[in-house]
Each structure stands twice: as structure tokens, then as C-alpha cells.
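# Structural overview
This is what each chain is made of:
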Amino acid sequence: MGKQRTPVLTRRQVEDLARFRPIPYFVTTLYLDIDRTVPGGRARPGALKGLLREARAGLEARNLTRKQRQSVEADLGVLERIARDTPARSGKAVAAFVASGADWEQVFDLPWPVKSRLLIGETPNVRVLAAALDEHPRYLVVLTDRARARLVGVHLGRAHQFCELASDVPGQVSEGGYRGNAERGIDRHIEDHVGKHIHKVAEAAREAFGERDFDGLVLGGPAESVAALRDGLSPALRPHLAGEVPVEVTAPLDQVAAACETLAVAGRATRDAGLIDRLVEAVEATGTGVTGLAATLGALRRGAVASLLVAGDYDQPGLTCPECGFLSVGDEKDCPACGRGGMRPVPYLVREIVDRATETGAQTWHISSEPAMRRLEARGAIGALLRFRLI
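Now for a quick tour of the structure. (Residues numbered from 1 in each chain as written. Predicted model: local features only at pLDDT ≥ 70, side-chain atom pairs only at ≥ 80, totals over all residues. Heavy atoms only, no water.)

### Quick word on the nonpolar core
Within the largest apolar cluster, 35 residues are counted, with the highest numbers of intra-cluster contacts made by Val305, Leu308, Leu309, Ile353 and Ile367. Within the residue set of this core, elements represented by two or more residues are helix H7 (253-286), helix H8 (293-301), strand S12 (305-311), helix H9 (349-359), strand S16 (363-367), helix H10 (372-377) and strand S17 (382-386). The next biggest cluster of nonpolar side chains, apart from the first, holds 23 residues, and it includes Leu9, Ala99, Trp112 and Val114. (Core = buried A, V, L, I, M, F, W, Y, C linked by side-chain atoms within 4.5 Å. Buried < 20%, exposed > 50% of the residue type's maximum accessible area, 1.4 Å probe, protein only. Helix = DSSP H or I, 4+ residues; strand = E, 2+ residues; numbered from the N terminus.)

Okay, here's the thing in C-alpha cells:
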């Protein structure tokens, strides 16, 4: 990936980040809120200094080689520079991932506030970004009427138009009076032009969706035009239809973004409720689900996790073996897996579980809507749908 700074955040970027492992170096992750109340809107210096101080103190407790320590110390200097160079116009927060030993850094300007934190690990900590993508799908919005159309991208509360279409559709025949064959023929001629317009819009939507990393398709405009466009979508695009919004073709972009946010909130609540229903049934009826930290970790060790469900930003400390990577929620002094090393504390065990699950191809769902999140918290705040039953 090299060095890159971008205001755009896509699911593919987050997946690439999650897979990045700069062996033998570590990745330092910084999430930093931007103080928009001060001139220039710079990062809060006190918060950053505190995070850097804690990170430098924590290095003493880590069993790092000289090169690893030098890389992390260089990371902290890079993060100071990134924070210093981040004005408010870039967004409400910044997410930075640095591995100096590998000459690698990635910076994302975030349009939403975050809890400031600094983490050091074998891979980038992408949980905050993954959760944001779960909560804010990247939509392709197609607004159309009988002669005009706009294609708008919406993501993380922002909307931008990248295509506008217009078709030469004759006007309607005036209503009232006797309508003979000539008038009916004109009507058919008009509807033929409208049909061609809808087909052109459907083709533009198919091409745009395939070229960009969208999560769903949203339609808007007069009900008659939306219905015609829905019927005219290609078979490949129909499964991606996320819903419809009550927005006219000429609506301002902030109205389009607001309508999509309402749609996303409703869709997220439905999705989360469905996932928890599946988990409960898997645990209680089919035996292909587990809940709770210990049971989920046990299933992960056996390669059984197909989907991981985590309530909000839930995390807990645990233990890890520096020799074989064994993770534990217990209090073992020596590794029960390899017996070669003493167990060491890991402050964010759930983060490690998410990383390990991602490496096995499992999908992680961050459950943040109510009442689904409370239902999961009542079962230990974490659970998994399994590939096979554990005997």
C-alpha cells in the first residue's frame, strides 16, 4: 500500500488493512478526535500527548527486538506529525496506521468523531472503521423521473453527484376532450421514449455499481418512475437493491444524504435483529452457534467460526503466548498449547479475536442497534455462527 492519505473509506480498503501484517514489525494505530472549537481545528494536544506517553511507557513491558522497538518509536513520531498536519477541514477525526520499519503508513480523514486511542499490534486495528462501514453503507442512489436522472454516491453522511442524464421525451397530450387514434398514437410514442429513458438509466446504474465499491442501490423519484426503473434493473443488480427514498430528482445533496441515513438506520436495525435471531436459534436449536467470550474463543481455535457477532465496542483483556500466539481468557502462567513460553497480558482480547477470525475468512458483524445489542450483551456481548457443530 505504501504511504497514502485519503478522505474516502471503502470496505475493500478496510479488508486490505485488516490483512496487512508487516512481519517482523508491528503496526501502530491511532484514532484521534479533532477539536473543532480551537482555531484551525487541530487535534487536542493534551489527548495526543497522553496517548504517546502511555505508549512509550508500555514499550518497556513488551518483549520487542531492537528493530521492532525502533520501528514503534519512529511510528510515534510519525503520528505526532500526522496529527499536527490534520486541520479541521479534513474531517472530524483521523485514523492513522503506521509501520515505520516497513516504510508504510495509511491515513484516513473521518467525517465522524471517534474516541481517541492508540494501539500497537501485529496488524492494523480496523474495528472502528469496520463498525462505521456496518453502520453507514456506501449507497449508489439513482433518482429518476420520466426524462431526467441523477446518480449520487452517499457514504458516511456525505453525498456527491457523479452523473446526470437527460432524455428527449415529448410532452404529454393535453387532457380532456375526445381522444382519437392520433392522440393514442402520440401517447404510445411518448411512452416509448420514456421506456428508452428508463432503460438508459438502468444501464448507467449497472455500469456505475460495477465500477465502484458500493454496498447497496437506492432508488428515488416519482413512484411511477421508480417502479419502472425497479422493473428494468438488470438481474445482477436487483439483489443489491437496499430500498427506496422519498426524494425528488432535483433534491439537494444534503437531503439525499439524510434520506439515505434514515434508510440505513432502519436497515441496520432489521439486519441486527435477524443476526441475533439466527444466533439464538443456532445456540438453542441446531448447536451451530456459541455465545460468550470463552466459548467463542474455543470455537475460533477449532476453525469453526463462520460469522462473529460483537456488541458495540465490547472488549476485554486476556492473555497471549508470545511463542505460538495462543489466546486465553484464563489466568494460566504457562502456555497450555505449546508449553514453551509464559503467558503475557493482551489489553484488547476481542480485537485479537476479530483479527484471527478475519484471517480464517470469517465475517465480523458489529451489533450496534437496539434492542439487538442488548440481547447480545445479555449473552456475553460476543458470539459466533459456526461452520460445523462442536462435539
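### Looking at the packing of aromatic side chains
The full count for this structure, using the stated rule, is five aromatic pairs. Here Phe20 and Trp104 contribute two aromatic rings whose centre-to-centre distance is 4.0 Å and whose plane-to-plane angle is 20°, an arrangement assigned as stacked. One end of the pair, Phe20, is in the loop between helix H1 (11-19) and strand S2 (27-33); the other, Trp104, is in strand S4 (residues 104-110), and 84 residues separate them in sequence. For the pair Phe20 and Trp104, one class covers both residues: buried. Measuring from ring centre to ring centre gives 6.3 Å for Phe162 and Phe214, while their planes differ by 25°; the resulting arrangement is stacked. Of this pair, Phe162 sits in strand S8 (residues 158-166) while Phe214 sits in the loop between helix H5 (181-211) and strand S9 (216-220), placing them 52 residues apart in sequence. Residue classification places Phe162 among the partly exposed residues on the basis of a relative accessible area of 24%. Judged by its relative accessible area of 8%, Phe214 falls in the buried class. Taking the ring centre of Phe162 as reference, the NZ or CZ of Arg212 above it sits at 4.3 Å. (Phe/Tyr/Trp six-rings, centres within 6.5 Å; stacked < 30°, edge-to-face > 60°. Lys NZ or Arg CZ within 6 Å of the ring centre and 35° of its normal.)

### Examining the pattern of salt bridges
The tally for this structure, following the rule as stated, stands at 17 salt bridges. Residues Arg81 and Glu105 are paired through a salt bridge, measuring 3.2 Å at the closest nitrogen-oxygen approach. Taken together, the residues span a long stretch of sequence, with Arg81 in helix H3 (residues 66-84) and Glu105 in strand S4 at a distance of 24 residues. We classify Arg81 as partly exposed; its relative accessible area is 31%. Put simply, Arg351 and Asp355 hold a salt bridge, and the shortest N to O gap is 3.6 Å. Taken together, the positions of Arg351 and Asp355, both in helix H9 and four residues apart, correspond to about one turn of that helix. Using a relative accessible area of 3% as the deciding quantity, one classes Arg351 as buried. (Salt bridge = Lys/Arg side-chain N within 4 Å of Asp/Glu carboxyl O.)

### Focus: the pairing of S16
Burial within S16 is extensive, with four of its five residues counted as buried. With five bridges joining them, S12 and S16 adopt parallel strand pairing. The residue of S16 that forms the bridge with Leu309 is Trp365. (Pairing = 2+ DSSP bridges.)

### Some thoughts on the packing of H8 against H9
Taken N-terminus to C-terminus, the directions of H8 and H9 make an angle of 30°; their axes are 11 Å apart at the nearest point. Classified by the interaxial angle, the pair formed by H8 and H9 is roughly parallel. Relative to H9, H8 is oriented so that their crossing is left-handed. Every residue of H9 that contacts H8 at Leu293, Leu297 and Leu300 is listed here: Leu349, Val350, Ile353, Arg356 and Ala357. When its residues are assigned to classes, the contact of H8 with H9 shows seven nonpolar, no polar and one charged. (Axes fitted to C-alpha atoms, helices over the stretch in contact; angles between N-to-C directions. Parallel < 35°, antiparallel > 145°, perpendicular 65-115°, else oblique. Left-handed = near helix turned anticlockwise from the far one by under 90°. Contact = heavy atoms within 4.5 Å. Nonpolar A, V, L, I, M, F, W, Y, C, P; charged D, E, K, R; others polar.)

### Section: helix H4 (residues 127-135)
Of all nine residues that make up H4, eight are buried, and the element is covered over most of its length. Among the residues making up H4, those that are buried are Arg127, Val128, Leu129, Ala130, Ala131, Ala132, Leu133 and Asp134.

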